[in-house]
Amino acid sequence: SVESALDYIGRMRADEDFRQGMNAVADDEDAAWTRIRAAGYDFTLVEFKAAQDEMYKAHGVTPP
């Protein structure tokens, strides 16, 4: 869900250890999705992009 993706983005911004763990597997898409699911998040790439758009709007940022 978009809500799950928003929670994930929030944790990536706030939890340095979690972010480092995710970045460690970022080059392996399967491992990254496995780690995301294992952490309790359930969203698709489309939902993630929708969550990013919401975050941009909330923070007044123009997407790259």
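As shown above, the structure is provided for reference.
**Remarks on the layout of surface pockets**
- The space that makes up the largest pocket amounts to roughly 220 Å³.
- Lining the largest pocket are Tyr 8, Ile 9, Met 12, Arg 13, Glu 29, Ala 32, Trp 33, Ile 36, Phe 43, Leu 45 and Phe 48.
- Elements represented by at least two residues in the lining of the largest pocket include exactly α1 (2–14), α3 (29–38) and α4 (45–58).
- Class assignment of the residues belonging to the lining of the largest pocket gives a composition of nine nonpolar, no polar and two charged.

**Remarks on the nonpolar core**
- Counting 15 residues, the largest nonpolar core has Tyr 8, Met 22 and Phe 43 as the members making the most contacts within it.
- Those elements giving two or more residues to this core turn out to be α1, α2 (16–24), α3 and α4.
- Of the residues forming this core, the biggest block, five residues, is contributed by α1.
- When sequence neighbours within four positions are dropped, the list of residues in contact with Met 22 reads Tyr 8, Met 12, Ala 32, Arg 35 and Ile 36.

**Details of the packing of aromatic side chains**
- The tally for this structure, following the rule as stated, stands at seven aromatic pairs.
- Of the aromatic side chains, those joined through ring pairs into one cluster are Tyr 8, Phe 18, Trp 33, Tyr 41, Phe 43 and Phe 48.

**Some words on the packing of α1 against α2**
- At a closest axis distance of 6 Å, the pairing of α1 and α2 adopts a crossing angle of 105°. In terms of orientation, α1 lies roughly perpendicular with respect to α2. Taking contact as the criterion, the partners of Tyr 8, Arg 11, Met 12, Arg 13 and Ala 14 in α1 are, on α2, Glu 16, Phe 18, Arg 19, Met 22 and Asn 23.
- Here the contact of α1 with α2 is built from residues that sort into five nonpolar, one polar and four charged.

**With respect to the packing of α1 against α4**
- Where α1 meets α4, the axes come as close as 8 Å, and the angle between the chain directions of the two elements is 60°. Relative to α4, α1 is oriented so that their crossing is right-handed. Between α1 and α4, the residues in contact are Val 2, Ala 5, Leu 6, Tyr 8, Ile 9 and Arg 13 and Glu 47, Phe 48, Ala 50, Ala 51, Gln 52, Glu 54 and Met 55, respectively.
- Residue composition of the contact of α1 with α4, grouped by class: nine nonpolar, one polar and three charged.

Procedures and definitions
Residues numbered from 1 in each chain as written. Predicted model: local features only at pLDDT ≥ 70, side-chain atom pairs only at ≥ 80, totals over all residues. Heavy atoms only, no water. 1 Å grid on protein atoms, 1.4 Å probe; cavity = no way out; pocket = protein on both sides within 12 Å on 5 of 7 lines; lining within 4 Å. Points joined across faces, edges and corners; volume = space filled by probe spheres on them. Helix = DSSP H or I, 4+ residues; strand = E, 2+ residues; numbered from the N terminus. Nonpolar A, V, L, I, M, F, W, Y, C, P; charged D, E, K, R; others polar. Core = buried A, V, L, I, M, F, W, Y, C linked by side-chain atoms within 4.5 Å. Buried < 20%, exposed > 50% of the residue type's maximum accessible area, 1.4 Å probe, protein only. Contact = heavy atoms within 4.5 Å. Phe/Tyr/Trp six-rings, centres within 6.5 Å; stacked < 30°, edge-to-face > 60°. Axes fitted to C-alpha atoms, helices over the stretch in contact; angles between N-to-C directions. Parallel < 35°, antiparallel > 145°, perpendicular 65-115°, else oblique. Left-handed = near helix turned anticlockwise from the far one by under 90°.

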